Amino acid sequence: MAGKTLYEKLIDQHVVRRLDSEGHVLLYIDRSILNEYTSPQAFSGLRDSQRPVRHPQTILLNVDHVNPTRPLRDAAMTDAGGQLQVEYFRENAAHFGIELFDVLDPRQGIEHVVAHEQGLVMPGMVIAAGDSHTTTYGAFGALGFGIGTSEIEHLLATQTLIYRQLKTLLVTVSGELPYGCSAKDIILALIEQIGASGATGYAIEFAGSTIDALSMEGRMTLCNMAVEAGARGAIIAPDEKVYAYIEGKPQMPTGALWQQAKAEWQTLRSDADAQFDRRLSLACEALEPKVTWGISPDQTSAISGRVPDPAQERDRTKQQAMQSALRYMGLESGMPLEEIVITHAFIGSCTNGRIEDLRAAAAVIGSRKIARHVRGIIVPGSTQVRLQAEAEGLAAIFINAGFEWRQSGCSMCLAMNEDVLAAGDRCASGTNRNFPGRQGAGARTHLMSPAMVAAAALAGHLVDVRRYMHSEV
Ligand SMILES: CC(C)[C@H](C(=O)O)[C@@H](O)C(=O)O
Ligand code: SF4
C-alpha cells in the first residue's frame, strides 16, 4: 500500500466516521478560536435549541475584527453595530463558560497571532474556526481551515464537522531567498503563477530547502496566504524549529508529556512514497520583491516591472479582469510600478503583523522619515507583539519616522473599525486581500511585504526595497 501524505495522516487521525464514497467524513476538531464577527448566529442557534457547548475548554473567544486600535482605547467599540457584537460575545462567553480575550486583555490580538502565542496550536491538531486565515496553523504542522456560521454551531454542539476531504498539492520551494525577499514574496509569486483559485479543492503541503530555512513567522505568512490561492488548508511538516518555538508557551505540555508529544510529532510527515494529486515547484533564485497592481492577489508583478497591458493578454476573461482592475486602480498600462504614488502605508494583519515583520520594516526605516504626503499606520498583530516591539525599540523607530503606532486588531486589513481609507486613497499594504473596497469604498490596495511597505512609505511611491536596504539615503 502506498504511503500517506501528512494531510491524509492528519485526517485519518481525526475521522470519527467516513460518511460516503465521495470523501465526506465526520471529523473531530481539537480546537477553535472564534471572533465577534462570525460567531453570533452560531451562539443564537445553540441558545434557541437550548444546547450547551460540548467542550468549552477547547474554544477561545477573541475580539479582533471590529475593535478600535487608537493608542488610548477603552473597552467600547466605535460604532453601535460593533458594540452590539462585542456585548453579545461577552454574554456568550459567560453563558457558555468559554474563555474570552476582550479588547483590553493583554493576551488580545488578531486570532491567528494570539493562538500560537498562547500555545493553542500544536503539531497534529485539527483546528477549525470562523475565519478563512485559520490556514496559518499549518506552519506548526496542524491542519487549520475556515468554516461558516452554521458549521461553527455544529462544531460547538458536537466538537465535530462534516468535512469533505481535499485533494493534495505538494509545492516544493527551493533555493536561497534573494536579498530583499521574504515569505510574502514567495506566496505572491505562487499565487501569480497558479491564480487566485489555482489551489481550490486542494490542501497544500509546502516543502523544500527554502521552507526548511524559513522562520516560523515566515512559514505562518506562507500558510496564512495560501487561502488566497483557494487552498482550504496548507501544512508544513513540523521540525525542530517548530518545537523550539512552541516549547514553554502557556498551554504546552511539559516534562514527560512534552517528550511523549515530541516523539509522536516526529511521525507527522509525508511518507517518501506518498501520492500527491498534484505537484508544483517554485525556484527562489530569481525571485524579486513583489507588488500587486490589481484587485486580485494574482494580479502581481515584480517591483521592477510595469503596469501590464491588457491588449497583450490573449485570454479574453483575463483581459477583461485586467481592464477592470486597471480602471479601479486608476493605473495606465506601461507605467513603471515604481512610479505609483501612494497616500497611505499600512503594516499589520495576521499575514504580516508579527514581531519579525515589524523588525524587517524597522530595519528598512532606520532613522529616516516617511514622505510628507504619506500617512503611515502600524498595527501590531497582538498586544504581546506591541509590547515586545516597544521593548525592542521598534516602536520608537516607527514613531520617529512619522508612523502612527497603534493597538492591535484587524484594523485596516479589512476596515471594519474606524481605520478606513477614503475613495481614491492608495495604500502600500502588508495585508492579504486587495479586492475593491477591502480597505474602504473606492480605496486602492497594493499588497507587498512589510519591508516593501516601509520602503514605499519612505519614498512616497512604490519602490524596490533593495534600494533602501543599502544605505541611509
Ligand atoms: C470576517 C472573516 C469572515 C474574514 C475571513 O474569513 O477571512 C476576515 O477575517 C477576512 O480577512 O476577510
Ligand atoms: S487581520 Fe485581516 S485577514 Fe487576518 S483575520 Fe483580520 S481581517 Fe482577516
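Residues numbered from 1 in each chain as written. Chains lettered and ligands numbered in written order. Predicted model: local features only at pLDDT ≥ 70, side-chain atom pairs only at ≥ 80, totals over all residues.

Draft legend 1. Examining the site of ligand 2 more closely. Taken together, the residues surrounding ligand 2 are Asp 64, His 65, Ile 110, Asp 131, His 133, Ser 349, Cys 350, Cys 410, Cys 413, Leu 414 and Asn 432. For the shell around ligand 2, the class distribution of residues is five nonpolar, four polar and two charged. Residues from two domains meet in the shell around ligand 2; each of domain 1 (6-278) and domain 2 (290-467) gives at least three. (Near = placed C-beta within 6 Å. Nonpolar A, V, L, I, M, F, W, Y, C, P; charged D, E, K, R; others polar. Domains from an automatic or database assignment.)

Draft legend 2. Geometry of the sheet that holds strand E10 (residues 202-207). Strand order in this open sheet of four strands is E11-E10-E9-E12, and the pairing throughout is parallel. Sheet topology places strand E11 (234-235) and strand E12 (278-283) at the edges, where each strand pairs with a single neighbour. Here strand E9 (residues 167-174) runs beside E10; their pairing, made up of six bridges, is parallel. Within E10, the position partnered with Leu 170 by the bridge is Glu 205. (Pairing = 2+ DSSP bridges. Helix = DSSP H or I, 4+ residues; strand = E, 2+ residues; numbered from the N terminus.)

Draft legend 3. Representation of the site of ligand 1. Close to ligand 1 lie Tyr 37, Thr 38, His 65, Asp 131, Ser 132, His 133, Gly 146 and Leu 414. Across the shell around ligand 1, the residue classes tally to two nonpolar, five polar and one charged.

Draft legend 4. Seen up close, the packing of helix H2 (residues 40-48) against helix H5 (residues 149-158). Two elements in contact, H2 and H5, have axes separated by 8 Å at closest approach and are oriented at 50 degrees. The orientation of H2 with respect to H5, classified from their angle, is oblique. Where H2 crosses over H5, the two elements pack in a sense that is right-handed. Listed contacts from H5 to Gln 41, Ala 42, Gly 45 and Leu 46 of H2 are Thr 149, Ile 152, Glu 153, Leu 156 and Ala 157. Classifying every residue of the contact of H2 with H5 gives five nonpolar, three polar and one charged. (Axes fitted to C-alpha atoms, helices over the stretch in contact; angles between N-to-C directions. Parallel < 35°, antiparallel > 145°, perpendicular 65-115°, else oblique. Left-handed = near helix turned anticlockwise from the far one by under 90°. Contact = placed C-beta atoms within 7 Å.)

Draft legend 5. Focus on the UniProt feature "binding site: [4Fe-4S] cluster" (unreviewed entry) in the protein. As recorded in UniProt, the feature "binding site: [4Fe-4S] cluster" (unreviewed entry) lies at Cys 350, Cys 410 and Cys 413. The annotated residues occupy 64 residues of the chain but converge on a single region, no pair of C-alpha atoms lying more than 8.8 Å apart. If sequence neighbours within four positions are ignored, Cys 350 has contacts with Ile 110, His 112, Val 113, His 133, Thr 136, Asn 224 and Gly 381. Secondary-structure assignment places Cys 410 in the loop between strand E17 (404-405) and strand E18 (426-429). Given 30 C-beta atoms within a 10 Å radius, Cys 410 is considered buried. Leaving out residues up to four positions away in the same chain, Cys 410 has contacts with Asp 64, His 65, Ile 110, Ser 349 and Met 416. (UniProt positions renumbered as here; feature names shortened; annotations may be inferred. Buried ≥ 20, exposed ≤ 12 C-beta atoms within 10 Å, placed from the backbone.)

Draft legend 6. Quick peek at the domain arrangement of the protein. The assigned domain composition of the protein is domain 1 (6-278) and domain 2 (290-467). The interface is formed by 40 residues belonging to domain 1 together with 39 residues belonging to domain 2. Counting residues per element, the ones that place at least two in the side of domain 1 that touches domain 2 are helix H4 (111-117), helix H6 (183-194) and helix H8 (216-225). Ranked by residues supplied to the side of domain 1 that touches domain 2, first place goes to H6 with six residues.

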